[in-house]
Amino acid sequence: MALDFVASAIANCVGNLATEYTSPYLTYFFRFGKIVEDFKNRRNELKSKRDEVKDAVDEALRQTEVIKKGVEEWLTKAEKELDEAQSLEEEIERNKCFNWCPSCGWRYCLSIKVAKKTLCISKLVETCNFQRVGQRPPLQGIELLLPKDFMRSESSTLAFNGIMKALKSDGVNMIGLYGMPGVGKTTLAEVVLKQATEQKLFDKVVSVTVSQTPNFNEIRERIAELFGLKFEARTENGKAEELWRKLKAEKKILIILDDVWKKLELQTIGIPFGGEHEGCKILLTTRLQQVCSQMDCQKEFKLNILSEDEAWALFEDKAALKDDSSTSNVAQEVAHECGGLPLAIVTVANALKGENLDGWIAANRRLKSSRHLDNQDVCGGIYGCLKLSYDYLKEENIQSCFLLCSLFPEDYQISVELLTVCGIGQGLFNNNYLMEDLRREIHLALSKLQKSGLLLEADDQEHVKMHDVIRDFAHWITSTGENIFMVKDGLMEWPMSERFGYYTAISLWNIEIKHLPNKVEFSKLKILFLKGKNSLRVSCAFFERMTTLRVLLLQDVVLTLKALQFLTNLRTLCIINCELENISSLRNLENLGIFALLETNIYELPEELVGLHKLKSLYFSYNEEPYCYFPPNLLSRLPSLQELHVTRTNNVNLLVLNSLSGLTALTLRVSTHQCSQENFVFPKLQSYNIAVNTYIEDLAGLSWRTLRIRDFSSSLNAFKELFCNMEKLTLSDVTMEHKNIVPDVDQRGLKELTSLELIYCENLECLIDTTREQSPTTAFSNLVNLDIEDMTSLKELCHGESPNSFLKKLEKLRIFNCEQLKSVFQMDGLLRNEESQMWTISNLRSLELTSLPALENIWKEPTHHVRLQSLKEVTIDGCDKLKSIFSPCLAQSMLHLETLKISECEKLEQVFAFDKEMADLEENQVQPLSNLRSLELQSLPALESIWKEPTHHTIPLSNLRRLELQSLPALESIWKWPTHRAVGLPCLQDFQLVNLINLSSENFLISSLSLEKLKVCNCPKLRNFTIQKEVNEQIQLEELYLSELGNSFQLLISANCNQEYIAVGSHEEVIDCKRLRYIFSPMTVRSLSQLDELYIEKCDELDQIIAEDQVCSSSDGDLQPISFPNLTVISVQYCKKLKRLFPLGSARCLPKLNRLLVRGNSKLEQVFELEDEAEATTEKEIKFDELYSLSLEELPSLVDFCPRGYHFVLSALDDLKVEGCPKMTTGFFIDTKQYVHAKTETPQPVKQDAKTIRRSKSLCELPPYKEEL
C-alpha cells in the first residue's frame, strides 16, 4: 500500500536560516529566543514525518513488501537527529534560570548549537518526499522449500539426474516428465526447481500449474507476476506479446509447466521457445506420455512407483510409526495395499496416523476387501485425483476398456488378446465390422490408457497390468451408477446380495465353493468371468436368467455346454482349461461372434458350428496329442469367419484358406506335409503367426506378423505372399535353395521386417546380394533385431554395395558360430553416399559376436562417419583373428556403452584407440565411456593395451562398477600416463586381477569406498595394493581373495583425509616391505566390517594374517578388538611359513562364521593364538553358533585348535574333518544336545583317527563331553 507524502511549506525566514545564523555575534545573542522557537518547530515537524514514515513502513511490511533502502536510511538519520534534539532541548531547559542574567558566552555558544541542529533537521525534512516506502519482491514461490512428501527412490533419482543433466545440456529446450497419477511428478518438479535455483543454472525460474482446463490468462499473470511484469495491454494477444518481450530480455530462464493434459501453443501464452529464445528451457509434467510427443520433448523421463522397501520407509515416516509399535505388522499390510504409489501412501498414512490397533485392523480389512464406500476418509483424496484422469479419457469406449481391465485379479498380467476378444464381445467400437479394425481400436485404447498412467506396462507387449490403487479406483467407479461390477477372488461362499439384478459385470476368480446357485436373477448382466478351483461344477440352471449376457469367460470349471442354450445374446465365449460335456449344444448361440476353445478335453470341433453364421473369430487348441480335428468342410461353411487361431497340430486343409474371402488373421501350426500341397500359397493376411514344425503359445503373438520355419527342406514359395508385410521371420535348420534372402527369396526387400533369426540355414552366404539386376534399392530398412547362429556358409551380411537404409534401425545384433564370416559391417558400401548414410547403425544398442574364427574386423574401414552413440552392450568371444575392435572414431562416439566383455580372442592387441581430438572435448560434453559399468577382459594372450590414448587425457570411467582382467600375459600396464595422475573410479564394486604375469608395479588411483569384492591372483610383479579411505569411513569390502602373489606384495588400508583412493603399485605412501609378512594391519581389519569371504592360498612368505606387532587389545585407548562381524567363510591353504591364523580375541568376534578350511600350512601351530598366557587361569567358553563346517587337513605342526584353558562350543557343526594333524592336542566331544565341544587340557597329542565326521551319519562317534573333563 503506497503512502503519498507532501512536504509542508517552510516559513520564509527558515529559508534564509543558513545566512541569518552566520551573522555577527550580536545576532546569535539577541535572537536566541527566536532561534530556539524555530528549532522546536522543526523538531516537531521531523517527529511527525518520522511517525508517518514508520506507519507507512509497517503497512508495507504487512503487505510482504521489501522496504526501500533510502527509506531505512532516512529513518535511521531521523531517529538520530531526534535523539540529539531531545538532548539539546534538555540542555536549554536546564539553563532557563540564566534568562534574566544571561552569560554572553553561554548564550552565544548554545545559540550556534541550536541553529546548526535546526539546519540539519530542516534538510532532513526536505528530503522526506517518498512516493512509496516499499516494493513487491521478485516472487520465488514456495517451491524453494524442499517438499515434505518427497521420497528419494531409485526411479526418482534416475529421473532427477536425467532432468538436471538435460537442463545443463545445450540443444535441449523441452523436457518431459510423465507417470501415473499420484506417482510424485509435481513433487519431483519442485525438487528440480529448488536445485536449479540453488545451483544458479538460470537467471529466473518459474513454475505454473496448467491443469486439465488451462486458463491462459491466469498462466500469463502468474509468469508475469514472478518476473515483475505489469501488463499494460488489455487483450489476450497484447498481454502475450508483452510477456514474450519480457521473457526474451532474460538470458537464461526455466519454466516448469505442471500438470499438462494436452498440447499447448506456447506462443499463445507468450513464451518464446526454441529458435526464438535458446536460453529458455521448459520442463513439463504430465500423466500422458503422448503429451511429451505432442510437445516435441527432446528428453522424456518416466517416474515409476516405489519399491516395497521405499514404500514402507515413506509410509512408516508419514504414519509416525515406531519399529516396536504394536501396529507395525498390520501397518505393513496396509502399506502393501498402497502399491508403492506415493500419493496413496501419504494419504493413507496421514489418515491412519495416531489410530489404535483396532483402527488399523479395520482399515486393513476394508482395503483388502475393496469396501470403497467405507474408505472415503482414507482414499477419497486419491480417487478424486484419479477421477480427473478417468474423466479426461472422454471417449466412452476407452473408459469401458479401462473398467474391463479391473475385472481381472490384483497384480494380474492381463492378456491383451483376452482383453480384445472380451472388449469386442462387450460391444466396444461396434461401428466397425472388420475384426482387424476392432482389434486396432482396442489396441489404441490400451495404448492411451498406458500413456495416461491408468495402465502399466507388463513383462512383454502381449500383456498389460493395472496398479492396485488404480484397480480399487475402478471398482469405486463401478460401485454406483449404471455400470455396477462385482469382483471377488477366492470366493468361499456365495454372497447374499439383493443387488444381483443390478450388476452389469461379475468377475469371480479362484472360486472355492463346490456348486454355484441356480436361477439367480441377473437381468442386466453383460459380462461374466468364472474361474474355478478344485473342480467347480456349474449347473445348467445357473445361466438360465442371464439373457442379456454378451461376454462369458469360463476357466477351470466342469459343465455341459447345454447350460449355455439360454445365452442367445452371447457375443464372446471363451472356455479355457475346462472339462466339457455335450459340446454339440452350441447351435442356439446364433449371435456368437468369437469362440475360443482352449486346452479343454475336446479335440474335435462339432459339426453344429456351421450354424454360427455370425462367427468371425475361432480359437481352438487341445491339451493333448495327437491333434486338433476339424470336420471336413467345416471352415468353408463359416461365411463370416475373419480370424482362425489354431495353436496345436491339426488337420486343416490349407487349400481351404484361399476359399475364405474374409480371412484377415491366421494363427496356425502346420507341418511340412501340409505346406507341400502343389501350387499352394498362403493368402495375403493383415496379421498372422504361422509356425512350421514348431510350437505356438495360446493367445500370444497374435498382434505380430510372424513366420517361423523349422526342419524344412522344401521350397519357400508357399509363403511368398507373406513376405511383403512380414515383421518377424525365423528360419531354423532350413535347407536354402538360394545363397541369399534378398532378392532370391523376396525381391521386395523385406522392408517391414523388424526381427530376423537365422539358425543353420545351409547354403545361405549373405542376407542380400546387390550385384544381381533384380535387387531392390531399399532392404531390411526396419530391421531391429538380427540373430544369426550356426550359419556355416555365411560370408558377409551384404554382398555388393549396401542398399538404401540397410540396417539403419538395427538395435540388436547377435552372431554365433559362423566359420566363414570375415567382416560384419562393410562400411565402404554403407557409406558410399556419405550425406544420406552418415548415421547408419547409429541405433545399435547390443552387439554379441561369438565363435567367429575367421572374423578379421567388425567394422571394415572407413569408419569416420560411423557413430555408435546408442551402443550399450558388447560381448565378443572366440574371434581369434580380430586384432582391434574400436577405432579412434568409433571409440570417441561411444557415449552410452555400459557393458563390455571380451574373451578368447587370440590375436587381439588393443580394445580402444582414442585420437588427439578427444582431449579437445568441451567440459560440458558427454565423455566417451563415461557410462561404462562393467569391463571384463579374459584370455587375450596378445593384448598389449586396453586403451591407446593421449597421455595427457584421463578416461572418465566414473560409473565403472566391475573391472575384471584375467589371463592377459602380454599386458604390462592398465593405464599409460604419468604415475602421479589419478583415474577416478568412484563407483567400483568388483575389482579382479587374475593371471596377469607381466602387470608391473605402477600407480593408478581409484575411489575406494564402494569396493565390495577384491581378487588378486597370480600377479607376481604387482608389489602392493593400498586402499586409502577417509578418516572414520568404512570400506564396504565383502569378499577378499589373494593367491599366488609375489614376495613383495602388500595389502594396506590407510586413512587419508585428503584422498579417497586405492593405490596399486609402488605408491609413495606405502611402506616398502621386502616380503609379505602380513596381510592386514589391525587398522585394516577395523575398516573391513563388511568382509564376507576370505580366501588365502599359496602365499609362501606369509607368516601372519594380522600383524602381531600392531595388535591392540580392547583396553588400549579407544580401539575396538579385532572383529570380522560379517565374515562367513575363511579358507587358508598352502602358506608354508604361516604359524597362526588369528589372535584368540578375534574368535569371539566371528558371529557369522559358518565354514573354516585350513589345509596344507606346514608350519601352522595354532588356529587361534592366546596372546597372553596369564589369561588362561580360568576356563573360558567361546561359542561358534553358525559354524557348520570345519576342516583341519595336512597340518603337521598344528598343536591346538582351541588354546589350553579355553573351550569352544560348536552348536551348529555338521561336517568335521581332522586329517594329517599328528601333534594336535585339542579333542572334540559331543554332548546330549548334539553340540560339539573342542577342548585342550593336556600338552600331549590326542589320539584321534583321521576321519570325516558328518552329523547325519557318524557324529555320534565322537566321545561324550563331560563338564568335569
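Data block above holds the structure.
Parameters and conventions
- Residues numbered from 1 in each chain as written.
- Predicted model: local features only at pLDDT ≥ 70, side-chain atom pairs only at ≥ 80, totals over all residues.
- Heavy atoms only, no water.
- Helix = DSSP H or I, 4+ residues; strand = E, 2+ residues; numbered from the N terminus.
- Buried < 20%, exposed > 50% of the residue type's maximum accessible area, 1.4 Å probe, protein only.
- Contact = heavy atoms within 4.5 Å.
- Areas by Shrake-Rupley, 256 points an atom, 1.4 Å probe, with all protein chains shown as cover.
- Phe/Tyr/Trp six-rings, centres within 6.5 Å; stacked < 30°, edge-to-face > 60°.
- Lys NZ or Arg CZ within 6 Å of the ring centre and 35° of its normal.
- Salt bridge = Lys/Arg side-chain N within 4 Å of Asp/Glu carboxyl O.
- Patch = residues over 30% accessible without salt bridge, like charges linked within 9 Å, V, L, I, M, F, W, Y side chains within 5 Å.
- Lys, Arg positive; Asp, Glu negative; His and termini not counted.
- Charge placed at Lys NZ, Arg CZ, Asp CG, Glu CD.
- Polar contact = N/O pair within 3.5 Å; in protein donor to acceptor, adjacent residues only side chain to side chain.
- Pairing = 2+ DSSP bridges.
- Axes fitted to C-alpha atoms, helices over the stretch in contact; angles between N-to-C directions.
- Core = buried A, V, L, I, M, F, W, Y, C linked by side-chain atoms within 4.5 Å.
- Left-handed = near helix turned anticlockwise from the far one by under 90°.
- Parallel < 35°, antiparallel > 145°, perpendicular 65-115°, else oblique.
- Nonpolar A, V, L, I, M, F, W, Y, C, P; charged D, E, K, R; others polar.

Caption draft 1: Broad picture of the overall build of the protein. Regarding its fold elements, the protein presents 27 helices and 57 strands. Out of the 1269 residues belonging to the protein, those deemed buried represent 53%. Nonlocal contacts in the protein, meaning residues at least 24 apart in sequence, comprise 69% of its contacts between residues at least 6 apart. Split by element, the accessible area of the protein, about 56,800 Å² in all, is 46% carbon and sulfur.

Caption draft 2: View of the packing of aromatic side chains. Under the criterion given, the structure shown has 33 aromatic pairs. Both rings, one in Phe-542 and one in Phe-543, keep their centres 5.3 Å apart while their planes meet at 80 degrees; by these two values the pair is edge-to-face. When the ring of Phe-682 is compared with that of Phe-719, the centres are 5.5 Å apart and the planes differ by 20 degrees; the resulting orientation is stacked. Remark: Phe-719 occurs in the loop between strand S22 (705-712) and strand S23 (728-734) and Phe-682 occurs in the loop between helix H22 (672-675) and strand S21 (687-692); sequence separation between them is 37 residues. Like Phe-719, Phe-682 is buried. Through pairs of rings, three or more aromatic residues link up here, namely Trp-494, Phe-500, Tyr-503, Phe-522, Phe-542 and Phe-543. For Lys-252, the ring lying beneath its charged end belongs to Phe-202, and the centroid distance is 5.9 Å. Over the ring of Trp-704 we find Lys-728; its NZ or CZ atom is 4.3 Å from the centre of that ring.

Caption draft 3: Quick peek at the pattern of salt bridges. Summed over all chains, the structure comprises 36 salt bridges. Close ionic contact of Glu-241 with Arg-245 constitutes a salt bridge, the shortest N to O distance being 3.2 Å. Here Glu-241 pairs with Arg-245, and both are found in helix H10 (residues 236-248), just four residues apart, close to one helical turn. Classification of Glu-241 as partly exposed rests on a relative accessible area of 48%. Taking the relative accessible area as the measure of exposure, Arg-245 reaches 48% and is therefore partly exposed. Between Glu-581 and Arg-537 there is a salt bridge, and its shortest N-O distance comes to 3.9 Å. Residue Glu-581 is found in strand S16 (residues 579-581), and its partner Arg-537 is found in strand S13 (residues 527-537); the two are separated by 44 residues along the sequence. What makes Arg-537 partly exposed here is its relative accessible area of 38%.

Caption draft 4: Local environment of helix H18 (residues 396-405). Within H18, eight of the ten residues are buried, leaving the element largely enclosed by the surrounding structure. All of the buried residues along H18 are Ile-398, Gln-399, Ser-400, Cys-401, Phe-402, Leu-403, Leu-404 and Cys-405.

Caption draft 5: Region of interest: a positive patch on the surface. On the surface, a cluster of positive charge is contributed by Lys-795, Lys-822, Lys-881, Lys-883 and Lys-907. Among the secondary structure elements, Lys-907 is positioned in the loop between strand S34 (899-903) and strand S35 (910-913).

Caption draft 6: Expanded view of the side chain of Asn-173. Checked against the element boundaries, Asn-173 lands in the loop between helix H7 (154-168) and strand S3 (174-178). Its relative accessible area of 11% is what places Asn-173 among the buried residues. A polar contact of 3.3 Å, which involves the side chain of Asn-173, links it to the backbone oxygen of Glu-278.

Caption draft 7: Molecular detail of the sheet that holds strand S53 (residues 1206-1210). An order of S51-S53-S56-S55 is seen for the four strands of this open sheet, with the pairing classed as mixed. Two strands lie at the open edges of the sheet, namely strand S51 (1180-1183) and strand S55 (1227-1230), each paired on one side alone. Across the sheet, the mean angle from the axis of one strand to that of its neighbour is 25 degrees, orientation sign disregarded. The pairing of S51 with S53 spans four bridges and is parallel. Paired with Lys-1183 across the strands is Val-1209, a residue of S53.

Caption draft 8: Focus on the nonpolar core. Membership of the largest hydrophobic core comes to 218 residues, with the highest contact counts inside it found for Phe-543, Phe-719, Phe-780, Phe-886 and Phe-1201. Sequence-distant contacts of Phe-1201, defined by excluding residues within four places in its chain, comprise Leu-1156, Val-1167, Phe-1168, Leu-1190, Leu-1192, Phe-1208, Met-1224, Thr-1226, Phe-1228 and Ala-1238.

Caption draft 9: Representation of the packing of helix H19 (residues 416-426) against helix H20 (residues 435-451) in the model. Following both chains from N to C, one finds H19 and H20 inclined at 115 degrees, their axes separated by 10 Å at the closest point. Judged by the twist between their axes, the crossing of H19 over H20 is right-handed. Where H19 approaches H20, its residues Val-416, Glu-417, Leu-419, Thr-420, Gly-423 and Ile-424 are matched on the opposing element by Met-435, Leu-438, Arg-439, Ile-442, His-443 and Leu-446.

Caption draft 10: Quick look at the environment of Leu-491. One can find Leu-491 in the loop between strand S11 (484-489) and strand S12 (503-511). The spatial distance from the C-alpha of Leu-491 to the C-alpha of Ile-513 is 6.9 Å, given a sequence separation of 22 residues. Other than its neighbours up to four places away in sequence, Leu-491 contacts Leu-508, Trp-509, Asn-510, Ile-511, Glu-512 and Ile-513.

Caption draft 11: Local environment of the packing of H18 against H20. Direction vectors running N to C along H18 and H20 enclose 75 degrees, while the axes themselves pass 10 Å from each other. Accordingly, the angle class assigned to the pair H18 and H20 is roughly perpendicular. Within the contact between the two elements, H18 uses Ile-398, Cys-401, Phe-402 and Cys-405 and H20 uses Ile-442, Ala-445, Leu-446, Lys-448 and Leu-449. Of the residues in the contact of H18 with H20, the class split is eight nonpolar, no polar and one charged.

Caption draft 12: Region of interest: unusual backbone geometry. With an omega of 15 degrees, the peptide bond between Val-742 and Pro-743 qualifies as cis. For Pro-743, the position within the fold is in the loop between S23 and strand S24 (755-759). Look at Leu-750: it is not a glycine, yet its phi comes out positive at around 45 degrees. With respect to the secondary-structure elements, Leu-750 resides in the loop between S23 and S24. The phi torsion at Asn-817 lies on the positive side, around 55 degrees, for a residue other than glycine. Position of Asn-817 relative to the elements: it lies in the loop between strand S28 (812-816) and strand S29 (823-826). Looking at Asn-817, the relative accessible area reads 27%, which means it is partly exposed.

Coordinates in, geometry out; function isn't part of it.
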